[in-house]
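Here is what each chain is made of, one letter per residue.
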Amino acid sequence: MQTRKLGSTLIDICAYSEIAGNASAEIKIDEIFFEASSVQSFASEQARTDFRWLWMGRYLIEEPEHAFVALEDGDPEQLCGYLVGSLSDPAPRAEFSSLSYFQSFAAVTPQYPAHLHINIARDKRSQGIGERLIQRFVNHAQSYDSPGLHVVTGAGMRNVAFYQRLGFIERARVAKGGGYAVLLGRELSG
Ligand SMILES: CC(C)(COP(=O)(O)OP(=O)(O)OC[C@H]1O[C@@H](n2cnc3c(N)ncnc32)[C@H](O)[C@@H]1OP(=O)(O)O)[C@@H](O)C(=O)NCCC(=O)NCCS
């Protein structure tokens, strides 16, 4: 666990395995996920479940060793951010076939196969927690000799500046819903 003082509170970055199964922490993760989600209403409960599974649930269940969380004062009940990820290239994988942009990104994802999804509770943003979670995942991916990692976001989104500050560079873009989806990649070797 890595601890750092933020105002009057201490923020710990720890492996998800340290809090997995804690009901309060799991509820917080869900709250943060749906609060930050680009989709706020769902056609059905199944649609909501499928959405959660695609962007977060499958990572926590199938690859929990690559997930990290931020806790206030080390308290799982005060979980204030999470990062889920994978070290493998999502583009050729059947479970991501619903994400059509990977057909366009498949040429570059082999160089940046690791990928992540991150969200911070609204009232805890812009305090450096996201940067610390990313750095933790970077160290983790490097320890597995991953050549690089990527995120996919929307061109012009505020989070693009966040990723660019952390060394991510736009490697590909594709038209999506009147705008562009961009793949931001960061090399990890060297
Ligand atoms: C993007 C995000 C993970 C960054 O974590 P953080 O702890 O706020 O980041 P840091 O404090 O380390 O860095 C701050 C930077 O994050 C970005 N950021 C802050 N609030 C944000 C928000 N509501 N939406 C998007 N990006 C935001 C900005 O680039 C900010 O820099 P700025 O204050 O100079 O504009 C977090 O703000 C968040 O969860 N945002 C909403 C959801 C999101 O965009 N998730 C990523 C999807 S790809």
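Here the structure is a predicted model, which means the values were calculated and not measured.

Draft legend 1. Structural view of the site of the ligand. For the ligand, the set of nearby residues contains 15 residues, the closest of which are Ile120, Ser126, Gly128, Gly130 and Asn159. Contact distances for the ligand include 3.1 Å between an oxygen atom and a backbone N or O atom of Glu131. Within the complex, 76% of the 810 Å² of free accessible area of the ligand lies under protein. For the shell around the ligand, the elements supplying multiple residues, two or more each, are strand E5 (114-120), helix H4 (129-143) and helix H5 (159-165). For the shell around the ligand, the residue count by class is 5 nonpolar, 6 polar and 4 charged.

Draft legend 2. The arrangement of the pairing of strand E4 (residues 79-86) in detail. Of all the 8 residues making up E4, 8 are buried; the element is thus mostly covered by neighbouring parts of the structure. Between strand E3 (residues 68-72) and E4, which pair antiparallel one after the other, the connecting turn spans 6 residues, and Asp73 there sits at a positive phi close to 50°. Both E4 and E5 contribute to a ladder of 6 bridges, which runs antiparallel. Within E5, the residue paired with Ser86 across the bridge is His115.

Draft legend 3. Inspection of the side chain of Glu72 at higher detail. Inspection of the secondary structure assignment puts Glu72 in strand E3. At 3.1 Å, the side chain of Glu72 and the side chain of Lys124 are in polar contact. Discounting residues that sit within four places of it in the chain, Glu72 has contacts with Thr9, Leu10, Ile11, Gln78, Cys80 and Lys124.

Draft legend 4. Up close: the pattern of salt bridges. Tallied over the full model, the rule gives 10 salt bridges. Two residues, Arg58 and Glu95, come together in a salt bridge whose shortest N-O distance is 3.8 Å. Separated by 37 residues along the polypeptide, Arg58 in helix H2 (residues 45-62) and Glu95 in the loop between E4 and helix H3 (101-105) bring together distant segments of the chain. Assessed through its relative accessible area of 2%, Arg58 is described here as buried. Overall, the relative accessible area of 36% leaves Glu95 in the partly exposed class. Linking Arg173 and Glu170 is a salt bridge whose minimum nitrogen-to-oxygen distance equals 2.7 Å.

Basis of the calculations
In this convention, every chain numbers its residues from 1, walking through the sequence in written order. With pLDDT at 70 or above as the cut-off, local features in this predicted model cover only qualifying residues; side-chain atom pairs require 80 or more to be listed or tallied, and sums for whole chains, interfaces and linings still use all residues. Just so you know, side-chain values use all the structure's heavy atoms and leave hydrogens and water out. When at least one non-hydrogen atom of a residue lies within 4 Å of a molecule or strand, that residue is treated as near it. Polar contact is the term for a pair of N or O atoms within 3.5 Å; when the atoms are in protein, one must be able to donate a hydrogen and the other to accept it, and sequence-neighboring residues count only if both atoms are side-chain atoms. Here the Shrake-Rupley method, with its probe set to 1.4 Å, supplies the accessible areas, and only the displayed protein chains count as covering residues. For the purposes of this entry, the term helix denotes a DSSP run of H or I that reaches at least four residues, the term strand denotes a run of E that reaches at least two, and both are numbered from the N terminus. Note on residue categories: nonpolar means Ala, Val, Leu, Ile, Met, Phe, Trp, Tyr, Cys or Pro, charged means Asp, Glu, Lys or Arg, and polar means any other residue, Gly included. When a residue's accessible area, from a 1.4 Å probe over protein chains only, is under 20% of the maximum for its type it is buried; when over 50% it is exposed; and in between it is partly exposed. One requirement defines pairing of two strands: DSSP has to find at least two bridges between them. Whether two residues are in contact is decided by their heavy atoms, any of which lying within 4.5 Å being enough. We count a salt bridge whenever a side-chain nitrogen from Lys or Arg sits within 4 Å of a carboxyl oxygen from Asp or Glu.

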